Amino acid sequence: MDWLQIKKQIATDYKNQAQQLGFQANPALIRTFETRDKFDELNIIFKGNYKLNFNNRLGDKDLIILLSCLEEFKDYIKHIDLSYNNISDSGAEALSKILPRLINLESLNLSSNQIGSAGGVLIADGIRELSQLVYLNLNQNNLQTKGAMSIGEVLFHNNILLELNLGNNGIDHDGIIGLTSILNWKNQKLQILNVDNPVYQSIGQETAIHFGKMFHSNRSLQKVSLQKHNFNCDAIYILSEHLLENNKLRVLDLTANRISFKGCEAIAKYLCGEYCVLESLILTSNRTGHYGAKAIAQALSKNRSLIHLDMVRNDIDDNGLKMIAESLETNEMLVSLKLYHNHFGQLALQAFHKYRVKHSRSCKLLIDQFHKLAEKFWDFHTYIVDTHIEMAYVEQNIPYDIYVSTHNYIN
């Protein structure tokens, strides 16, 4: 099929219908459908944060008219990405009516819109029977607990969905417990879960035990993001103890919690565990400090699964950083390390610089013998100035996901 011609037809139908309704057609949307893209198929991709769409984001009226123009081609649509637009419950209602008929839809991204709990319920009803949908992203909306639970209920019957993102939706304590309960005993298919930044009304750590039970029972989750859950060391101890027999989890994001050295000790025990296969640990913006760094460093000397470690902004002192550097001497797996915005002094800088120089020589030997380079990706670089070591920040945008292995870092 001539997809460019079909897209131009959709753009023309959209302009005509908008004119009939006395509505100003969205010029960026028209341009999107009239321009050839790299995909030889009919995907509905209109990201509001794209530089050419920024001032012409999609609203409810735009979406309602567009959906009416897509009815004829609904069987060919595989991917919908309408992130960073101005879609509210009215747009979600219109979308929910066509969703059950999109029998080949594989991904739906509505992140960073204005969809509320009513819209969440409607979207859940629309996707309930879709047999090809593997990706659903509703991050940065306002689904709240009612909308999130409706999406969660889909997991009762859906054994297809692989990735679910419900972060930053104002989900409360009850909503989080409901989602974890479903994943605890009913759904064993979902691989990636994001429930960042819930809204807890209590100062307790009640949800930690439910996440713990989920980690203990669930055998499909490989990547979980728990940013801004206000977890303290007691909560991290509960999570870590339940993770001791988990041999599936590969990525754990605990950014912006309240983890100090006791929590790091619990994490270290997990990292040294017999069943640990964790490849990426993200502890950005916590309170690990000197003793937390010491616990993680001791674990690094024994762990053989971690590929990526992020401890940016953790108030780690010079000696704590030095211990992490020294642990690298006995760890050949860790290739991606982020430590910037901690308290580097000469002790740590000298230790990291010494390791870097030694590793560079080893890499040269590998190149000479095997034509391979096991590169290290740090977020800082060390160099000599006069008689001391200085450092500079290095941007490392490595796409890390559950399918990353050390083979991706060897050329």
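Scroll up a little and you will see the structure.
Below you will find a few notes about this structure. Keep in mind that what you see is a predicted model, and the values were worked out from it rather than measured. Here the residue index of a chain counts from 1 through its sequence in written order. Under the rules for a predicted model, residues below a pLDDT of 70 receive no local features and side-chain atom pairs below 80 are neither given nor counted, while totals for whole chains, interfaces and linings still include all residues. To obtain the side-chain values, all non-hydrogen atoms of the structure were used and water was disregarded.

## Some points on the packing of aromatic side chains
Part 1 of the argument: Here a pair means two rings of Phe, Tyr or Trp (six-membered ring of Trp) with centres within 6.5 Å. Their orientation is stacked below 30 degrees between planes, edge-to-face above 60, and tilted elsewhere. Evaluation of the coordinates by the stated rule reveals 10 aromatic pairs.
Part 2 of the argument: Taken together, a centroid distance of 6.1 Å and an interplanar angle of 80° make the contact between F211 and F231 edge-to-face. Here F211, found in helix α8 (residues 206-217), pairs with F231, found in the loop between β7 (223-225) and α9 (233-243); they are 20 residues apart in sequence, far enough to count as distant. Across the pair, F231 and F211 agree in class, each one buried.
Part 3 of the argument: Clustering of aromatic rings is evident, with ring pairs tying together F344, F352, Y355, W378 and F380.
Part 4 of the argument: Here the guanidinium or amino end of R57 rests over the ring plane of F54, the centre of that ring lying 4.4 Å away. The helix and strand labels rest on DSSP assignments: H or I over at least four residues marks a helix, E over at least two residues marks a strand, and numbering proceeds from the N terminus. The cut-offs for exposure are 20% and 50% of the maximum accessible area for each residue type, with area from a 1.4 Å probe on protein chains only; residues under the lower value are buried, those over the upper are exposed, and the others partly exposed. Working rule: Lys NZ or Arg CZ, within 6 Å of ring centre, within 35 degrees of ring normal, means a charge sits over the ring.

## Quick look at the state of the cysteines
Disulfides are covalent bonds that connect the sulfur atoms of two cysteines.
Part 1 of the argument: Throughout, a disulfide means two cysteine sulfur atoms within 2.5 Å of one another. Applying the stated criterion across every chain, the model contains 0 disulfides.
Part 2 of the argument: Free of any disulfide, C276 has its nearest neighbouring cysteine sulfur in C272, separated by 8.4 Å.
Part 3 of the argument: Residue C276 is classed as buried on the basis of its relative accessible area, which comes to 12%.

## Comments concerning the sheet that holds strand β4 (residues 135-137)
Part 1 of the argument: Here, strands pair whenever DSSP counts at least two bridges between them. Pairing in this open sheet of 12 strands is parallel, and the strands run β1-β2-β3-β4-β5-β6-β7-β8-β9-β10-β11-β12 from one edge to the other. Strand pairing shows two members of the sheet lacking a second neighbour, β1 (44-45) and β12 (377-378), which therefore form its edges.
Part 2 of the argument: Relative to strand β8 (residues 251-253), β7 runs parallel, the two sharing 3 bridges. From the neighbouring strand, K223 faces β8, where its bridge partner is V251.

## Remarks on the pattern of salt bridges
Part 1 of the argument: One side-chain nitrogen of Lys or Arg within 4 Å of one carboxyl oxygen of Asp or Glu is enough to make a salt bridge. A full pass over the atoms with the stated rule returns 10 salt bridges.
Part 2 of the argument: Across the pair E34 and K15 runs a salt bridge, and its minimum N-O distance is 3.6 Å. Of the two residues, E34 sits in helix α2 (residues 27-34) while K15 sits in helix α1 (residues 3-20), which places them 19 residues apart along the sequence.
Part 3 of the argument: Taking the relative accessible area as the measure of exposure, K15 reaches 34% and is therefore partly exposed.
Part 4 of the argument: A salt bridge links E329 to K358; the nearest nitrogen and oxygen atoms lie 3.2 Å apart. Of this pair, E329 sits in the loop between α12 (318-327) and β11 (336-338) while K358 sits in helix α13 (residues 346-370), placing them 29 residues apart in sequence.
Part 5 of the argument: Among the ionic contacts, a cluster of salt bridges with common partners joins E71, K74 and R101.

These figures capture arrangement, not role.
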